[in-house]
Amino acid sequence: MSELELHTLLVQGVFLVAALTVPALLFISAPYGRHARGGWGPQMDTRLAWMVMESPSVLWFLAVFFAGAHAWSLVPLLLLVLWQSHYVQRAFIFPLKIRPGGHTPVSVVAMGFMFNLVNAYVNARWVSEFGRYELSWLLDPRLWLGVGLFVLGYRINRRADAALAALRKPGETGYKIPRGGLYELISCPNYFGELLEWTGWAIATWSVAGLSFAVFTAANLVPRALSHHKWYKQKFPDYPAGRKAVIPFLL
Ligand code: NDP
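- In the annotation of an unreviewed UniProt entry, the entry for the protein reads DUF1295 domain-containing protein, and the organism field reads Nannocystis pusilla.
- Per UniProt, the protein has the following entry under Subcellular location (unreviewed entry): "Membrane".

**Some thoughts on helix α5 (residues 141-165)**
A turn of α-helix holds 3.6 residues, and therefore any two residues three or four places apart point the same way.
At step 1: Taking 1.5 Å as the rise per residue, α5 with 25 residues should run 36 Å; its terminal C-alpha atoms sit 36 Å apart, in good agreement.
At step 2: Inspection of α5 places Leu143, Gly146, Val147, Phe150, Gly153, Ile156, Asn157, Ala160 and Asp161 among the buried residues, and these make up the whole buried set.
At step 3: Contacts made by the buried residues of α5 are with α3 (74-97) and α6 (189-205).

**Thoughts on the pattern of salt bridges**
At step 1: Per the counting criterion, the structure on display carries six salt bridges.
At step 2: Notably, a salt bridge pairs Arg90 with Asp161, separated by 3.5 Å at the nearest N-O pair. A residue pair is termed long-range when its members are at least 10 positions apart, and Arg90 in helix α3 and Asp161 in helix α5 qualify at 71 residues.
At step 3: We classify Asp161 as buried; its relative accessible area is 15%.

**Observations regarding the site of the ligand**
At step 1: Taken together, 25 residues lie around the ligand, and Arg34, Asp161, Tyr175, Lys176 and Tyr191 are the ones closest in.
At step 2: Take Arg34: an N or O atom from its side chain is 2.7 Å from a nitrogen atom of the ligand.
At step 3: Between the ligand and the protein, one listed contact pairs an oxygen atom with a side-chain N or O atom of Arg90 at 2.8 Å.
At step 4: Counting residues per element, the ones that place at least two in the shell around the ligand are α3, α5, α6 and α7 (208-235).
At step 5: A total of six residues in the shell around the ligand trace back to one element, the largest contributor, which is α7.
At step 6: Partitioned by chemical class, the residues of the shell around the ligand number ten nonpolar, seven polar and eight charged.

**Remarks on the packing of aromatic side chains**
Each aromatic ring pair is specified by the distance between its two centres and by the angle formed by the two planes.
At step 1: All chains considered together, the criterion is met by 22 aromatic pairs.
At step 2: Pairing Phe61 with Phe65 gives two aromatic rings, centres 6.3 Å apart and planes at 15°, and the pair type is stacked. With Phe61 and Phe65 both in helix α2 (residues 46-66) and four residues apart, the pair spans about one turn of that helix. We note that Phe61, like Phe65, is buried.
At step 3: Within the aromatic cluster, the residues linked to one another by ring pairs are Phe61, Phe65, Phe66, Trp72, Trp83, Tyr87, Phe115, Phe150, Trp198, Trp201, Phe213 and Phe216.

**Concerning unusual backbone geometry**
What is expected of a backbone is that most residues other than glycine have negative phi and most peptide bonds are trans.
At step 1: Positioned with a positive phi, Trp206 is a non-glycine residue whose angle comes to about 45°.
At step 2: Within the secondary structure, Trp206 is located in the loop between α6 and α7.
At step 3: What makes Trp206 exposed here is its relative accessible area of 52%.
At step 4: A positive phi angle, close to 70°, is found at Phe249, a residue other than glycine.
At step 5: Structurally, Phe249 is set in the segment after α7.

Thresholds applied
- Residues numbered from 1 in each chain as written.
- Predicted model: local features only at pLDDT ≥ 70, side-chain atom pairs only at ≥ 80, totals over all residues.
- Heavy atoms only, no water.
- UniProt positions renumbered as here; feature names shortened; annotations may be inferred.
- Helix = DSSP H or I, 4+ residues; strand = E, 2+ residues; numbered from the N terminus.
- Expected span 1.5 Å × (residues − 1).
- Buried < 20%, exposed > 50% of the residue type's maximum accessible area, 1.4 Å probe, protein only.
- Contact = heavy atoms within 4.5 Å.
- Salt bridge = Lys/Arg side-chain N within 4 Å of Asp/Glu carboxyl O.
- Near = heavy atom within 4 Å.
- Polar contact = N/O pair within 3.5 Å; in protein donor to acceptor, adjacent residues only side chain to side chain.
- Nonpolar A, V, L, I, M, F, W, Y, C, P; charged D, E, K, R; others polar.
- Phe/Tyr/Trp six-rings, centres within 6.5 Å; stacked < 30°, edge-to-face > 60°.

Structure representation (structure tokens):
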């Protein structure tokens, strides 16, 4: 089997995992954060869990990217900056901003780690080796539409995560109704921003590899947003009735 065939197989694997993730998460919410519960084996510190789980998306992505024949070309480098701007924050800054003392099952971390290994390989290898991004791609509206969507999603995601982090004073562990900005329209603007980011990535790279990650992100985060939304409505009798779960005015 050639490496390109292996790459194609892995991309198909990501689509398959996405297809299996939707029904699984509609019935069983992923057991971390507010949906944490026993029965998922040993636990580890949540901050460390995020760092371990997301680190392949920074470090392994870099290693695979710079092994590619086109790593030093302008468009691949621009795409590298996009990817790393998200993942350096997610792996090494975001964990330091969430409340200390939380616990996450090692099994969840192991699954996330494995997924990120595959996903980082698939995207990095495409961008710097198998994909063809000539300088002319800089004049293609798909690149800039994708970059624009990515940047918009990034800002929404960061602001929404920061708003959640600000809800708790030091030492607090409970939950409050988030208010302001997109929280007036949806329960999970952080997930909405994430969906925009990876849709933007799929468009900017115009690749099946990028599309597979955007589809997986939706498969993972839309059911979780529905679980969060249902949880908010059960927990807070005064939860704003007009708020949707994850897509303003729609879902
Ligand atoms: P959540 O919104 O569930 O939680 C984010 C943080 O905010 C947690 O520390 C949580 O605490 C805290 N928090 C949430 N709601 C409240 C509230 N109402 N009051 C007080 N504190 C609150 O997000 P996730 O942990 O699922 O995800 C974190 C980030 O990772 C998001 O930006 C998400 O988009 C991204 N992500 C991306 C995935 C992908 O497939 N690309 C997959 C999963 C996450 P606690 O932990 O105690 O609940």
